[in-house]
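# Per-entry structural report
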Amino acid sequence: MLRRWCIPLTTLALVFGSMLAAGSASAAATAGHPGPANAITPGGLMIRPAGHAAGPSAPGVRHQDESTNWSGYAVTGASGAFHSVAASWIEPTGICTSRGRAQYSSFWVGLDGFNSNSVEQTGTDVDCSGRTPVYYGWYEMFPAAPVNYTNTVRPGDHFSASVTFSGASTYTLVLTDSTQGWTHTTTKSQTGLARSSAEVITEAPSSSSGVLPLADFGTVNYSTSTANGTSIGTQSPTEIIMVDSSGRAKDSTSAIASNGAFSNTWIRSN
């Protein structure tokens, strides 16, 4: 199995998760649909590579952190601090120029994973199967395997997503494509989860051998992001910057607005 993990640069620790199905997507995969049954699917823990400290604080941000597979924003607290997270974004256009190398990028909301070993998450992907972009939605209750949706997803689609804890160990994960007119609502029951972080993330998935190449997604714009019904931008969030093993940024994370809006822009695959 392949996994998506977030790798911050202070400790080599897994702290967020989505598992990916093993295999490689066929170059003949149809844009707008998941690839074949053995195609990589989303998810992953946040991982902080060893030997690197968090960067300096930015105005309005509690602090910055670095990861080899996550970028975006997270808010953290004590166990049980978060019961909901939500965001909206526009599915970006995959720019797939390499014939032989598969590449992957995902966009999601989740509870946990920044400072815990579980993740409850839902979102979308644009992956590159050779020169063919492949778009799809999914959910995952890590460490359980991810589930991909077969509904059509196209670049420019308007998405909203949420994960909500409603008590009695019940989690509701909702992903809506208002452009295509579909919604998936999934209810799962699981005990013992920390609910100590909430995040809105752009991710490069990982395999057991390391982080996979980040697909060129151009820019993804998150128009809103909330945790516990309040804008993440007003909760002293942690800004997460995705870097390679040499410390070079793989994408950029913009400042976050008071309504929780921000963007990530692709820079390099590795």
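Scroll up for the structure.
Throughout what follows, the structure given in this document is the object of discussion. (Residues numbered from 1 in each chain as written. Predicted model: local features only at pLDDT ≥ 70, side-chain atom pairs only at ≥ 80, totals over all residues. Heavy atoms only, no water.)

## Structural notes on the packing of aromatic side chains
- The tally for this structure, following the rule as stated, stands at 10 aromatic pairs.
- Pairing Tyr-139 with Tyr-149 gives two aromatic rings, centres 6.1 Å apart and planes at 35 degrees, and the pair type is tilted. Separated by 10 residues along the polypeptide, Tyr-139 in strand β9 (residues 132-142) and Tyr-149 in the loop between β10 (147-148) and β11 (158-165) bring together distant segments of the chain.
- Using a relative accessible area of 9% as the deciding quantity, one classes Tyr-139 as buried.
- The class for Tyr-149 is buried, based on a relative accessible area of 6%.
- Across the ring face of Phe-165, the terminal group of Arg-195 is positioned such that the distance to the ring centre comes to 3.8 Å. (Phe/Tyr/Trp six-rings, centres within 6.5 Å; stacked < 30°, edge-to-face > 60°. Helix = DSSP H or I, 4+ residues; strand = E, 2+ residues; numbered from the N terminus. Buried < 20%, exposed > 50% of the residue type's maximum accessible area, 1.4 Å probe, protein only. Lys NZ or Arg CZ within 6 Å of the ring centre and 35° of its normal.)

## Considering the side chain of Ser-118
- Within the secondary structure layout, Ser-118 lies in the loop between β7 (106-111) and β8 (119-129).
- Among the polar contacts listed, one links the side chain of Ser-118 to the side chain of Asp-112, at a separation of 3.5 Å. (Polar contact = N/O pair within 3.5 Å; in protein donor to acceptor, adjacent residues only side chain to side chain.)

## A look at the pairing of β9
- Taking burial as the measure, the 11 residues of β9 include 10 buried ones, the bulk of the element.
- Both β8 and β9 contribute to a ladder of 11 bridges, which runs antiparallel. Opposite Glu-120, over in β9, you have Met-141 as the bridge partner.
- What sits between the antiparallel neighbours β8 and β9 is a turn of 2 residues, in which Gly-130 has the positive phi angle 65 degrees.
- Judged from the 2 bridges that link them, β9 and β10 form a sheet pairing that is antiparallel. Note on β10: the bridge partner recorded for Tyr-139 is Val-147.
- The turn linking β9 back onto β10 is made up of 4 residues. (Pairing = 2+ DSSP bridges.)

## Quick look at the nonpolar core
- Grouped together as the largest cluster of nonpolar side chains are 36 residues, with contacts concentrated most on Trp-89, Val-109 and Val-200.
- Mapped onto this core, the elements with two or more residues apiece are β5 (70-76), β6 (84-90), β7, β9, β11, β12 (170-177), β14 (197-203) and β17 (219-227).
- Examining the composition of this core, we find that 4 residues originate from one element, β11, more than from any other.
- What Val-200 contacts, discounting residues up to four positions off in sequence, is Ser-71, Gly-72, Tyr-73, Val-85, Ala-86, Ala-87, Trp-108, Val-109, Tyr-222, Ser-225, Ile-232 and Phe-262.
- With 10 residues, the next largest nonpolar core counts Met-46, Ala-74, Val-134 and Trp-138 among its residues. (Core = buried A, V, L, I, M, F, W, Y, C linked by side-chain atoms within 4.5 Å. Contact = heavy atoms within 4.5 Å.)

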